[in-house]
Amino acid sequence: MSHHKLEVRALNYMYPDGHEAIRNISFSIRHGESVGIIGANGAGKSTLLMLLMGVVFPSHGEVLIGDVQITKKTLPIIRQRLGMVFQDPDDQLFMTTVYDDVAFGPRNYKLSETEVESRVIHALEMVGIAHLEDRAPFKLSGGEKRAAAIASVLSMQPDVLLMDEPTSALDPKSRRRVMGLLRSFEHTKIITSHDMDMVFEICKRIIVIKDGEIAADGNTIEILANPELLEKCGLEVPLSLQNCPVCGTKKGD
Amino acid sequence: MKGLEFKFHPSWVYYFVGELIKMHMADALISPAVGGTMWAVTAGVTAYSIRKIQNDMDDKKIPLMGVMGAFVFAAQMINFSIPGTGSSGHLAGGMLLAILLGPYAGFLTMASILFVQALFFADGGLIAYGANVFNMGFFSCFIAYPLIYKVLTRKGITSKKIFAASMCSAIIGLQMGAFSVVLETLLSGKTELPFGTFVLFMQPIHLAIGVIEGLVTSAVVTYVWKARPEIIEKAANGEALGNISMRKVLSGLAIAVIIVGGALSWFTSTSPDGLEWSMAKTTGKTELEASYRIHNIFSDIQSKTAFLPDYSFKANENEEETMNAEEEAWPAVSVGTSVSGLIGGTMTLALAAFTGFNISMMKRRKKRENVCE
Amino acid sequence: MDNFTNILYNMRLLEDLARKDTFIHRIHPLVKFLTTFFYLIVVVSFGKYEIGGLLPLIFYPMLVFLFAELPVKPILKRILFVMPFIMGVGILNPLFDHQIVDFGGIALSRGWITFFSIFIKCGLTVTAGLLLMATTVMERLAAALRILRIPRLFVLQLLLTYRYISVLMEEVARTIRAYSLRAPEHKGIHRSVWGSLTGQLLLRTFDRAQRIYRAMCLRGFTGEYNSWENVPIKFSDLIYLIGWFLFFITVRIYNIPMLIGSFLTGVIK
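All figures in this text were calculated on a predicted structure; none of them were measured in a lab.

What counts as what
- Position numbers for residues count from 1 along each chain, tracking the sequence in the order it is written.
- Here chains are named by letter from A upward and ligands by number from 1 upward, in the order in which they appear as written.
- Under the rules for a predicted model, residues below a pLDDT of 70 receive no local features and side-chain atom pairs below 80 are neither given nor counted, while totals for whole chains, interfaces and linings still include all residues.
- The numbering of helices and of strands both runs from the N terminus, where a helix is a DSSP run of H or I of at least 4 residues and a strand a run of E of at least 2.
- Here a residue counts as buried when 20 or more other C-beta atoms sit within 10 Å of its C-beta, as exposed when there are 12 or fewer, and as partly exposed otherwise, the C-beta atoms being derived from the backbone.
- Each residue is represented by a C-beta atom placed from its backbone, and any two residues with such atoms within 7 Å are regarded as in contact.
- A pair of strands is considered paired only if DSSP assigns at least 2 bridges between the two.
- Axis definition: a line fit to C-alpha positions, over the contact stretch in the case of helices; interaxial angles, taken between N-to-C directions, run 0 to 180 degrees.
- Should an angle lie under 35 degrees it is considered roughly parallel, over 145 roughly antiparallel, and from 65 to 115 roughly perpendicular; all remaining angles are considered oblique.
- Gly is put with the polar residues, along with every residue not named as nonpolar or charged; the nonpolar set is Ala, Val, Leu, Ile, Met, Phe, Trp, Tyr, Cys and Pro, and the charged set is Asp, Glu, Lys and Arg.
- For this analysis, nonpolar core means a set of buried Ala, Val, Leu, Ile, Met, Phe, Trp, Tyr and Cys residues linked through C-beta atoms within 7 Å.
- One fewer than the residue count of a helix, multiplied by 1.5 Å, yields its expected span.
- An arc is given here, and it is the one of the directions from the helix axis to the C-beta atoms.
- Each helix crossing is assigned a hand: it is left-handed if the near helix lies turned anticlockwise from the far helix by less than a right angle, otherwise right-handed if that turn is clockwise.
- Bend, in this description, refers to the angle at a residue between axes fitted to the seven residues ending there and the seven starting there.
- The predictor attaches a confidence to each residue, called pLDDT, with possible values from 0 through 100.

**Regarding the overall build of chain A**
From N to C terminus, chain A includes 10 helices and 10 strands. In terms of principal-axis extent, the alpha carbons of chain A reach across some 55 × 50 × 40 Å. Buried positions account for 47% of the 253 residues belonging to chain A. Considering only intrachain contacts with a sequence separation of at least 6, the fraction spanning at least 24 residues in chain A is 64%.

**Some points on the overall build of chain B**
The helix and strand tally for chain B stands at 14 helices and 2 strands. When the 373 residues of chain B are sorted by exposure, 47% land in the buried category. Pairs at least 24 residues apart make up 73% of the contacts formed inside chain B by residues separated by at least 6 positions.

**Topic: unusual backbone geometry**
A positive phi angle, close to 45 degrees, is found at A:A10, a residue other than glycine. Structurally, the position occupied by A:A10 is in strand 1 (residues 4–14). For C:E69, which is not glycine, the phi torsion reads 50 degrees and is therefore positive. With respect to the secondary-structure elements, C:E69 resides in the loop between helix 4 (59–67) and helix 5 (72–87).

**What about the sheet that holds strand 8 (residues 188–192) of chain A?**
Residue and element names in this part refer to chain A. Ordered by their spatial adjacency, 6 strands build an open sheet running 6-7-8-3-9-10, and the pairing between neighbours is mixed. Looking at strand neighbours, the two that pair on one side only are strand 6 (82–85) and strand 10 (213–219), the edges of this open sheet. Pairwise comparison of adjacent strand axes, ignoring direction, gives a mean angle of 15 degrees for this sheet. Pairing geometry for strand 7 (residues 160–164) and strand 8, over 5 bridges, is parallel. Bridged to D164 within strand 8 is T192. Its contacts with the sheet put helix 6 (residues 142–154) on strand 6 and strand 7, and the angle it makes with strand 6 is roughly 165 degrees.

**Details of the packing of helix 3 (residues 29–45) of chain C against helix 7 (residues 110–135) of chain C**
Residue and element names in this part refer to chain C. At a closest axis distance of 10 Å, the pairing of helix 3 and helix 7 adopts a crossing angle of 175 degrees. Judged on the interaxial angle alone, helix 7 and helix 3 are roughly antiparallel. Taken together, the residues of helix 7 that come into contact with helix 3 (itself represented by K32, F33, T36, Y39, L40, V43 and V44) are K121, L124, T125, A128, G129, L132 and T135. Along the lines of polarity and charge, the residues of the contact of helix 3 with helix 7 split into 8 nonpolar, 4 polar and 2 charged.

**A short note on the nonpolar core**
A:A151, A:L162, B:F71 and C:L168 are the most contacted members of the largest nonpolar core, which has 252 residues in total. If sequence neighbours within four positions are ignored, A:L162 has contacts with A:L49, A:L52, A:M53, A:L82, A:G83, A:M84 and A:I190.

**So, helix 5 (residues 113–127) of chain A**
Residues and elements named next belong to chain A. Here helix 5 is 15 residues long and its end C-alpha atoms lie 21 Å apart, about the 21 Å a rise of 1.5 Å per residue gives. If you check which residues of helix 5 are buried, you get V116, R119, V120, A123, L124 and V127. Seen along its axis, helix 5 keeps its buried residues to an arc of 130 degrees; they face one direction. Residues of helix 5 that are exposed and point more than 90 degrees away from the buried face comprise T114 and E125. Tucked inside the fold, the buried residues of helix 5 contact helix 4 (98–108), helix 6 and helix 7 (172–184). At the exit of helix 5 stands G128, carrying a positive phi of roughly 80 degrees.

**Topic: the interface of chain A and chain C**
Across the boundary between the two partners, chain A contributes 23 residues, which contact 22 residues of chain C. Sorting the residues of the side of chain A that touches chain C by element identifies helix 3 (89–92) and helix 4 of chain A as the ones contributing at least two each. Residue contributions to the side of chain A that touches chain C peak at 5 residues, all from helix 4 of chain A. Of the residues in the side of chain A that touches chain C, the class split is 11 nonpolar, 5 polar and 7 charged.

**Focus on the pairing of strand 4 (residues 60–65) of chain A**
Residues and elements named next belong to chain A. Here 2 bridges tie strand 4 to strand 5 (residues 68–69), and the two strands are oriented antiparallel to one another. From the neighbouring strand, L64 faces strand 5, where its bridge partner is Q69. The turn joining strand 4 and strand 5, which pair antiparallel and follow one another in sequence, is formed by 2 residues; a positive phi near 55 degrees is taken by G66.

**Let's talk about the environment of B:I172**
Residues and elements named next belong to chain B. Among the secondary structure elements, I172 is positioned in helix 7 (residues 159–188). With 29 residues separating them in the primary sequence, I172 and I143 have C-alpha atoms 9.1 Å apart. Among residues more than four places away in sequence, those in contact with I172 are A144 and I148.

**Quick notes on the environment of B:K190**
Its place among the elements puts B:K190 in the loop between helix 7 and helix 8 (195–227). As for B:K190 and B:S31, which are separated by 159 residues in sequence, their C-alpha atoms are 7.7 Å apart. Sequence-distant contacts of B:K190, that is, excluding residues within four places in its chain, are made with B:A28, B:L29, B:S31, C:K48, C:G90 and C:I118.

**Examining the pairing of strand 3 (residues 34–39) of chain A**
Residues and elements named next belong to chain A. The buried fraction of strand 3 amounts to 6 of the 6 residues, a majority that puts the element mostly inside the structure. Covered by surrounding structure in strand 3 are S34, G36 and I38 together with V35, I37 and G39, the residues of both alternating faces. The pairing of strand 3 with strand 8 spans 4 bridges and is classified as parallel. Bridge pairing in strand 8 places V35 opposite I190. Two strands pair when backbone bridges link them, and strand 3 and strand 9 (residues 205–210) are joined in this way by 5 bridges, in the parallel orientation.

**Remarks on the packing of helix 5 of chain C against helix 7 of chain C**
Residues and elements named next belong to chain C. It is at 10 Å that the axes of helix 5 and helix 7 come closest, and there the two elements cross at 135 degrees. With respect to their mutual orientation, helix 5 and helix 7 come out oblique. As helix 5 runs across helix 7, the sense of the crossing is right-handed. For the pair formed by helix 5 and helix 7, the contact residues are I75, R78, I79, V82, M83, I86 and M87 on the first element and I118, F119, C122, G123, V126, T127, L130 and A134 on the second. Split into classes, the residues belonging to the contact of helix 5 with helix 7 amount to 12 nonpolar, 2 polar and 1 charged.

**Section: helix 9 (residues 152–182) of chain C**
Counted at 1.5 Å a residue, the expected span for helix 9 of chain C with its 31 residues is 45 Å, and the 44 Å between its end C-alpha atoms agrees. At C:Y164, helix 9 of chain C is deflected by roughly 40 degrees, the largest bend along its length.

**Here we look at the confidence of the model for chain B**
Residues and elements named next belong to chain B. In the predicted model, chain B carries a mean pLDDT of 74, and the fraction of residues at 70 or more is 64%. Here residues 1–6 is modelled with pLDDT under 50, and outside its nearest four sequence neighbours on either side it reaches 10 contacts, counting other chains as well. Contacts of residues 266–295 to residues separated by more than four positions or lying in other chains number 46 contacts, the stretch itself having pLDDT below 50. ipTM for the predicted complex: 0.92, alongside a pTM of 0.82.

**With respect to the environment of B:Q203**
Residue and element names in this part refer to chain B. For Q203, the location among the structural elements is in helix 8. Q203 sits 94 residues away from T109 along the chain, and the two C-alpha atoms are 26 Å apart. Those residues within four positions of Q203 in sequence are excluded, and the remaining contacts are Q175, A178 and F179.

Rendered as structure tokens:
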């Protein structure tokens, strides 16, 4: 049995109009790792996530989840192991109550209602919104919606969590809460984000994407403290690592 | 005789016109017979549409129908300002739904929009729901779309064709819908508005509305076609004309007409006056003459088919009350009974108020007790 | 813009009220739906000149108001606002039917009689409908529809429409607001942008539908969503249904105010 939870080999993806979105990407992720995928807009982060979820299929190369290659046939199994949280929670909360949204996944697995209920309660408690189970989604704040969207994926008990910009558009407190949640999860985590500081705190490993290729893949501290590399890729050093805005002294290591 | 004369206030015209513009029928203006028949017809069309969609099952259609329903609901609020006049028009969306989703999905989406409107806003009643879905969904999706829009765009899509097809189908679809509103209202017998006047108001107004609908639909479809032609092409191909054979449509319509016509003429016996009265008005015959004969026939049928005994039909027939006898369930006009009626009515309302007051007092007391504990 | 907020407010009001916990709220949704439906049929089946016979039917909405502890003012406001539009062509009855009828010494035109009849029927039917939604949440209503064998495709699609109305309304409102800030003298949207403004919203709707579909698939959706809330029917629910059923039928058959009135006048004599 492989140690690698997720393996990407020589992945290529081309849009119908000929634009090559992903060019020869390879990496592997171990069980329990938390990986941040960063890059400028249009670099290919979202497309990469789509390929990892099997939403689109590569023109060349393969994606393996725990030794199972993603093909049309293996999709149902794959999707049980991966959970994806979208950027816009409104796209993910499509039922009329939080409970029903979180129950949607388990119900599709044809579990008994009692089993469904225990999974829903557990997932809601994990994200700390058990008191909102009967709330309608339009009545939730941004942070609560985000938490509900995460819960709706957790209830399927995936091994790997894929998250697209989990802290975007959140107020500071909600952002802190989401970050706390992410830190507490033991799943393998793959997170795309523009929030350099969040990625710095949560992820041990960073993959930098530039123009569809991997520009860097390694330790968080090494990559995020490298201003030249980040500038080249259209990014910036996290604010927490930049010079002090008041007195200008460089931050210590 | 002292008369209670109420002046007619001109602001009421606003409401009247407003009602004419909205095609939603309210429960109070529909009879159970008409409502029930239209429910049956709509249920049939809905079941058929669902089966058709399930067969070429594209799961993707479900969220699309859902969100498009929400979109049309919201888009109906948009004020499209009409050049030249100071007023604005609105989109009903029937044709747009048919063009973008196909007739079956479009019909179902229209049905759910109307369902939400009926339940949450009383825009259209529940009994009248079947009629409303039929008036606002059937004609655009199953008549105007296949017979006009598809035919005009059969040989390829261009902006000119989109314009012509949208205009014609929107106008004709709305004309048919408006006319069926007139028929259903009159056959329900709750209005005194004569057929001629009703039609004279309804059709031209909905002609204007149809023009706006056509223009907006055409503009939107053209935009979408230019920006993302695959959406329009896919919609057009997905529902090839072959799937909806004209023969099926026409025979379906014929069956609907027969059912509706048959049931309604059967039940029209319970309210002969509405139709006759407007007949009299438009044909100029004296009311007594025309209606007396017809009334006899109808009252025979009625006494044999009345499905609920009507207590108040115990009218005493006088000569001068032949006029009244032709009306359904007009209580006898003697002083005695009308006084009883007044007293009884007042007592009922008083009883209701008394009961209500007591219950709310009891509840308030209970709440206070709970709080103090 | 006001329109959008108004409509959303009204929907949310009913939504919030529906989530209260009272005896009425706990009644099975199908029972409430059938009771409402039957009530409407009875109201609507009264003849065009009936006024008195209708009056006892006011007990139903009144009792629901009380036992469901619903706030009267906002709902009443909604009803009164909607009444003139609902009455529609009925409003004109006094214009067309001038035949004077003697009503216990007072002369009224027949058109007014039918007007009041329609007025009362409108009030009763609109109230009954709103009360149904003020005491039943949408997902339970959906469960009731499923029990009635309405296909799950339609019910799921209905739920989605309901769910996304607020999202779409806000999106459209935002777009209109942005437009009117740049075109303050325009009352509505100008002909030149009819296509592009609405079309843009439409395209974004298509994209959103795509994303929702994706989210559904990633959580295992295969077109069959079978688990609706299983609400058991209690004995008290049946009593509720049968009780109102009998009351409505009695009111329909016997003109109760007339009975009360003749009894009292008889007693006086």
